[in-house]
Amino acid sequence: MLSIVVPTYNENRTVCLLIDQLEEALRGLPYEVIFVDDSSDDTPNVLQAICAGHPRVRYIHRQGERGLATAVLEGFRAARGAVLAVMDADLQHPPEVLPIMYREIQDGADVVIASRHLPGGDDGGLHGIRKVVSRTAGLIGKAALRRLRSVTDPMSGFFMIRRRVVDGVCLNPVGWKILIEIVVKGRYARLVEVPYTFRPRAANESKMSPAEMFNYLRHVARLVMQSPDDRRFWLFAMVGMSGVAVNTLLFSLLGRWNVIPETAAFVSGSLAMIWNFAWNCGLTWRDAPHADPLAVTFAKYVVVALIGIVVNLAVLSMFYRLLDIPKEWANLTGIIGGALVNYRLNDRWTWRRWGNKRARMRIS
Ligand code: GDD
Ligand code: MN
């Protein structure tokens, strides 16, 4: 059975119409609808009336609680179906897309996201500024979290999953975006997106607020810390930046003591590398299986650093000489390229996570 979870906050004018449209769109499919309502207006009364006439529809009213993401989780707990869908109550998410999503599940998908950003989709229902905010939020999420990178619309509030994707997974979202929580932490092999047109709101107004944007950033930061690979990468990046600071500081200090620049660069560069190594040992790869003695790990680290420098130079030179990009930008791309290779090699070789059982078991 398909369980459709619909969070509502003061949506008294659209819920009846939504039920009619769902009935029309899902004819012949076994489904149930669960409203999870936090309203302060008369929406609960409207929902009660709907339930009286529709055996497939139930509603939960939460007293004194609010929050879109937790409302969805409440709906998941109450749902009986093996397939769970989430959609908004305001008719911005067209019910006709549900059968298409359901077919994808039957064809073997574990997660199906309705996307505004695929060819054939459209986010026409958002005004200019909201469009920009939504896109920016999506880009921030994709930059921070690896699993969001293959998704065109990670901000979607319209999706369908098999229940086993979230069964036994500890979900504790902050605020609004339940989907990123599921994509980052869920257990799935096949994620599919289908295009849809985000329609203008039919009635009442949007509940999105600046506070929710702040919550979103907190949520992304928390997910980074909770997902081992993303955490490692960002810790590595921060350690690297602290190394640059240490390097620069030492270099200017030595300059003040009249040490010649070449010597100063060598000393501060080497010390910064030891600084980075110490932090990466104690922080970034703290939970990695340390199979080697410390000296061996350090030797590998130095080798990787040298490879990183070579990659850095190669990328810089390619961008500068072949593509004619200003040398400062070419250098920046070189640094990024070198750092990425550095991270990868350290992760897989220096700290020996190559072929590590835990890494192999992870599905994505
Ligand atoms: N139970 C509950 N509690 N429901 C809530 C709450 C709450 O605190 N806040 C909002 N809702 C419900 C609304 O009643 C609506 O049904 C749905 O959540 C989405 O809220 P909207 O106010 O309509 O949000 P939006 O249209 O600006 O954005 C929505 O669509 C986008 C595109 O899919 C959201 O779902 C976004 O997350 C999404 O990006
Ligand atoms: Mn809406």
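Counting starts from 1 at the beginning of each chain's written sequence and moves along it residue by residue. Whichever chain is written first becomes A and whichever ligand is written first becomes 1, with later ones labelled in order. Totals for whole chains, interfaces and linings use every residue, but because this is a predicted model, local features are given only for residues with pLDDT of at least 70 and side-chain atom pairs only at 80 or more, for both listing and counting. The basis for every side-chain value is the complete set of non-hydrogen atoms in the structure, without hydrogens or water.

1. Side note on the overall build of the protein chain
Reasoning step 1: A run of H or I in DSSP counts as a helix once it spans at least four residues, and a run of E counts as a strand once it spans at least two, with each numbered from the N terminus. Helices and strands together make up the secondary structure of the protein chain, namely 12 helices and seven strands.
Reasoning step 2: For the C-alpha atoms alone, the extent of the protein chain along its principal axes is close to 85 × 45 × 40 Å.
Reasoning step 3: Burial analysis of the protein chain (364 residues in total) assigns 45% to the buried set.
Reasoning step 4: Accessible surface computed for the protein chain: about 18,500 Å², of which carbon and sulfur atoms make up 63%.
Reasoning step 5: A residue counts as positive if it is Lys or Arg and as negative if it is Asp or Glu; His and the chain ends are not included. Note that the charge is assigned to NZ on lysines, CZ on arginines, CG on aspartates and CD on glutamates. The averaged location of the 33 negative side-chain charges in the protein chain is 8 Å from the averaged location of its 44 positive side-chain charges. Using a 1.4 Å probe on the protein chains alone, a residue whose accessible area is under 20% of its type maximum counts as buried, one over 50% counts as exposed, and one in between counts as partly exposed. Each accessible area is a Shrake-Rupley result for a 1.4 Å probe, and residues are judged covered by the shown protein chains and nothing else.

2. Things to note about the sheet that holds strand β7 (residues 191–195)
Backbone-to-backbone hydrogen bonds join strands into a sheet, with any given pair of strands oriented parallel or antiparallel.
Reasoning step 1: One requirement defines pairing of two strands: DSSP has to find at least two bridges between them. Taken in spatial order, the seven strands make up an open sheet running β3-β2-β1-β4-β6-β5-β7, and their pairing is mixed. The two strands at the open ends of the sheet, each matched to only one other strand, are β3 (57–61) and β7. Across the sheet, the mean angle separating the axes of adjacent strands is 20° when strand polarity is ignored.
Reasoning step 2: Pairing of strand β5 (residues 111–115) with β7, which is carried by five bridges, proceeds in the parallel orientation. Within β7, the residue paired with Ile 113 across the bridge is Glu 193.
Reasoning step 3: On top of the sheet, helix α4 (residues 97–106) reaches β1 (2–8), β4 (83–86), β5, β6 (159–162) and β7; it is set at about 30° to β6, its chief contact.
Reasoning step 4: Any pair of residues with heavy atoms lying within 4.5 Å of one another is described as a contacting pair. Lines are fitted to the C-alpha atoms to define the axes, a helix being fitted only along its stretch in contact, and any angle between axes, read from their N-to-C directions, falls within 0 to 180 degrees. Strands β5, β6 and β7 of the sheet are contacted by helix α6 (residues 178–185), whose axis makes an angle of about 35° with β6.

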